[in-house]
Amino acid sequence: MDPPVPALHDRAVAAADRLLAAESVRVVSHDDADGLTSAAIAVTALERAGLAVEVDIKHGLDEAAIDDLAATGGTVLFTDLGSGGLDRLADTGSFTPIVADHHEPADGSIEHHLNPHCVGLDGGRELAGAGTAYLLARTVLDRAGVDEPDPRELAALAVVGAVGDRQTVDGELVGANAAIAAEGEAAGVIESGTDLAIYGTQTRPLPKLLEYTTDVRIPGITGNRRGAIGFLEDLDVELRTEAGWPTWADLGAEKRTQVASALLTRAVERGVPPERIDALVGTSYILSREEPGTQLRDASEFATLLNATARYEESEVGLAVCRGDRDGALDRAETLLRNHRRNISAGIESLAETGTTETDHLQWVHAGEQIRATIVGIVAGMALGEGDIDRHTPIVAFANKPDEGIKVSARANGRLGDRGLNLGTALREAAATVGGEGGGHAMAAGATIPEGTEEPFVSALDERIGAQLN
Ligand code: C5P
Ligand code: ZN
């Protein structure tokens, strides 16, 4: 089989051979949807190739984490993390690090570093951690001569990871991500098609799907239960079926097209800006082998389910779901998801209510104890455009992280990327000026800084973002 991302092939072969030379491997991965899918892909491939594998899901790679690994030694495969701490990994002699990541790399070099940034690909949009892990996994299986089951089936999880990291560009996966999705389609585990790009098409009761849409505001429909029901009734959508409210997926293809175009027409009539209208439609990625109507059928719903486990210190639940557990782990994940949803909508409301403070090049808000530090980034991204929070200015949200300092999350909209914005570098540098540490991607980054340094941090960050945009 041809490698889906030729530019990374040589590195993948070298790393795969190194892994296959070990008897056991410790996989260390990131605690979000992309990290969990990365870990599941890596573990599945390594086990199929006959290796003994242990997994550790971590929030980041701090000194303590590296010390722990050094104490155990052996071969450590880092997925969806590691590149940001490459300098520290390069210094350790006590274990063999292999990194398959897509975060902005720090200076430093190790023998096995698989990262789209190293070969001129955009790690924020073209390849996520799970995709990088997938390339490695596929190469491991190829080198080990294992071709049953079809290694390309792992592409389904890679798509979930990329969607979870919000890598889609104008509603669809591009570049290496698209090549991987195509492998999933060829293997019969992914179906993609143009569809309504609203979260919850598989599981939300139809009126709620429209009512609770936060991506786009359509006056008279979103945030308006009666309006949403009326809109659907006018289109003769059968709302009261025996099984209860239907979901979007329950409608036939013809009805879906009819409702979608009526929705677009309504948005145009109500003066919704063209770029928001475009955002209503996108490519959906369906996991063909999952039950229709479940949280696992649509890649974006699957990703949210995983985040709902990882952000509440129950990563093992998400990992088990990725690895195929459809009983206890899935039940638990669904409970966590309900809780996560409540926290997110409360968080968005709280940010919108507090409002942001604008500096020259950014806006910031301090959530204190109001929002859990592990979800403040998700909330900040979703709050862009809510209330008086300007969609087009980068947002920086702070939250207290008891005993550890202040958690910082920054998010921005795609267009600023074309103007040179790179929050990952800006946060890394600004955090360093106040004795903290940060990093991430161009449009989504995070940091932890000492308590009380928020003000100088904002100034340092403002200056860097200003320089980038010029
Ligand atoms: O934590 P948050 O969701 O805001 O992080 C956004 C992105 O920035 C994530 O991909 C995360 O891994 C990255 N990040 C980082 N270094 C940090 C904090 C976050 O690379 N110290
Ligand atoms: Zn990632």
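All values reported here derive from a predicted model rather than from experimental measurement.

Undergrad: Is there a simple way to explain the overall build of the protein chain in this structure?
TA: Counting its regular elements, the protein chain contains 18 helices and 13 strands. Relative to the 2.2 N^0.38 estimate, which gives 23 Å for 470 residues, the radius of gyration of the protein chain is 22 Å and therefore close to what a compact globule would have. The principal-axis extent of the C-alpha atoms belonging to the protein chain is close to 65 × 55 × 40 Å. Every one of the 470 residues in the protein chain was classed for burial, and the buried ones make up 54%. Considering only intrachain contacts with a sequence separation of at least 6, the fraction spanning at least 24 residues in the protein chain is 64%. Total accessible area on the protein chain is roughly 19,700 Å²; 44% of this is exposed by carbon and sulfur atoms. Each charge sign in the protein chain was given a centre, from 40 positive and 76 negative side chains, and these centres are 4 Å apart.

Undergrad: Help me out: how do you make sense of the coordination of the zinc ion (ligand 2) in this one?
TA: Tetrahedral coordination by four donors sets the ideal angle at the metal to 109.5 degrees; octahedral coordination by six donors sets it to 90 or 180 degrees. Coordination sphere of the zinc ion (ligand 2), protein contribution only: D34 (OD), D80 (OD), H102 (NE2) and D165 (OD), at 2.1 to 2.3 Å. Of note is the zinc ion (ligand 2), whose four donor atoms meet at the metal with angles of 85 to 169 degrees in an arrangement that counts as irregular.

Undergrad: How do you make sense of the site of ligand 1 when you look at a structure like this?
TA: In the vicinity of ligand 1, 15 residues are found, and the nearest of them are H30, H103, K407, S409 and R411. Here an oxygen atom of ligand 1 and a side-chain polar atom of R411 are 2.8 Å apart. G439 places a polar main-chain atom, nitrogen or oxygen, 3.3 Å from a nitrogen atom of ligand 1. Sorting the residues of the shell around ligand 1 by element identifies strand 11 (405–411), strand 12 (437–440) and strand 13 (444–449) as the ones contributing at least two each. Taken together, the residues of the shell around ligand 1 break down into three nonpolar, eight polar and four charged.

Undergrad: Could you clarify how one ought to interpret the environment of D215 in this entry?
TA: Take D215: it is sitting in the loop between helix 8 (206–211) and helix 9 (225–234). Looking at D215, the relative accessible area reads 34%, which means it is partly exposed. Sequence separation of D215 and Y199 is 16 residues, and the distance between their C-alpha atoms is 8.6 Å. In contact with D215, other than residues within four places in its own chain, are A197, I198, Y199 and R276.

Undergrad: Before we go on, may I ask you to explain the packing of aromatic side chains in this structure?
TA: Any pair of aromatic rings gets described here by the distance separating the centres and the angle formed by the planes. Under the criterion given, the structure shown has three aromatic pairs. Taken together, a centroid distance of 6.2 Å and an interplanar angle of 50 degrees make the contact between F78 and F95 tilted. Of the two residues, F78 sits in strand 3 (residues 75–79) while F95 sits in the loop between helix 4 (86–91) and strand 4 (96–100), which places them 17 residues apart along the sequence. There is no split in this pair, since F78 and F95 are both buried. Put simply, the rings of W364, F398 and F457 pair up and form one aromatic cluster.

Undergrad: How should the nonpolar core be read in this particular structure?
TA: A general trend in soluble globular proteins is that nonpolar side chains are found buried together. Grouped together as the largest cluster of nonpolar side chains are 69 residues, with contacts concentrated most on V27, I41, L46, L77, L136 and F302. For this core, the element with the most residues is helix 2 (residues 33–48), which contributes nine residues. Residues within four places of V27 in sequence aside, it is in contact with A39, A42, V43, L46, V53, E54, V55, D56, L77 and T79.

Undergrad: How should a negative patch on the surface be read in this particular structure?
TA: Among the surface-exposed residues, D62, E63, D67, D68, D87, D91 and D107 lie close enough to one another that they form a single negatively charged patch. The dominant element in the negative patch, judged by the number of residues it contributes, is helix 3 (residues 63–72), at three residues. Within the fold, D67 resides in helix 3.

Undergrad: Got a minute to help me understand the sheet that holds strand 8 (residues 357–358) in this structure?
TA: The pairing of strands in a sheet comes from backbone hydrogen bonds and takes either a parallel or an antiparallel form. One open sheet accounts for six strands, arranged 8-9-10-11-13-12; its pairing is mixed. Every interior strand has two partners, whereas the edge strands, strand 8 and strand 12, have only one. Bridging between strand 12 and strand 13 involves four bridges; their strand directions are antiparallel. When the sheet's bridge partners are listed, G439 is paired in strand 13 with G446. Helix 15 (residues 376–383) contacts strand 10 (395–401) and strand 11 of the sheet and is inclined by roughly 35 degrees relative to strand 11.

Undergrad: For this particular structure, what's the right way to read the packing of helix 1 (residues 9–20) against helix 5 (residues 129–144)?
TA: Closest axis-to-axis distance for the helix 1/helix 5 pair is 9 Å, and the angle between their directions is 60 degrees. Taken together, helix 1 and helix 5 sit at an angle that is classed as oblique. Crossing hand, helix 1 versus helix 5: right-handed. For the pair helix 1 and helix 5, the contacting residues are A12, V13, A15, A16, D17, L19 and L20 in the first and L135, L136, T139, V140, R143 and A144 in the second.

Conventions adopted
- Residues numbered from 1 in each chain as written.
- Chains lettered and ligands numbered in written order.
- Predicted model: local features only at pLDDT ≥ 70, side-chain atom pairs only at ≥ 80, totals over all residues.
- Heavy atoms only, no water.
- Helix = DSSP H or I, 4+ residues; strand = E, 2+ residues; numbered from the N terminus.
- Rg over C-alpha atoms; globule rule 2.2 N^0.38 Å.
- Buried < 20%, exposed > 50% of the residue type's maximum accessible area, 1.4 Å probe, protein only.
- Contact = heavy atoms within 4.5 Å.
- Areas by Shrake-Rupley, 256 points an atom, 1.4 Å probe, with all protein chains shown as cover.
- Lys, Arg positive; Asp, Glu negative; His and termini not counted.
- Charge placed at Lys NZ, Arg CZ, Asp CG, Glu CD.
- Donors = N, O, S within 2.8 Å, 3.2 Å for Na, K, Ca; no water.
- Tetrahedral: all angles 85-135°; square planar, octahedral: opposite > 155°, others 65-115°.
- Near = heavy atom within 4 Å.
- Polar contact = N/O pair within 3.5 Å; in protein donor to acceptor, adjacent residues only side chain to side chain.
- Nonpolar A, V, L, I, M, F, W, Y, C, P; charged D, E, K, R; others polar.
- Phe/Tyr/Trp six-rings, centres within 6.5 Å; stacked < 30°, edge-to-face > 60°.
- Core = buried A, V, L, I, M, F, W, Y, C linked by side-chain atoms within 4.5 Å.
- Patch = residues over 30% accessible without salt bridge, like charges linked within 9 Å, V, L, I, M, F, W, Y side chains within 5 Å.
- Salt bridge = Lys/Arg side-chain N within 4 Å of Asp/Glu carboxyl O.
- Pairing = 2+ DSSP bridges.
- Axes fitted to C-alpha atoms, helices over the stretch in contact; angles between N-to-C directions.
- Parallel < 35°, antiparallel > 145°, perpendicular 65-115°, else oblique.
- Left-handed = near helix turned anticlockwise from the far one by under 90°.

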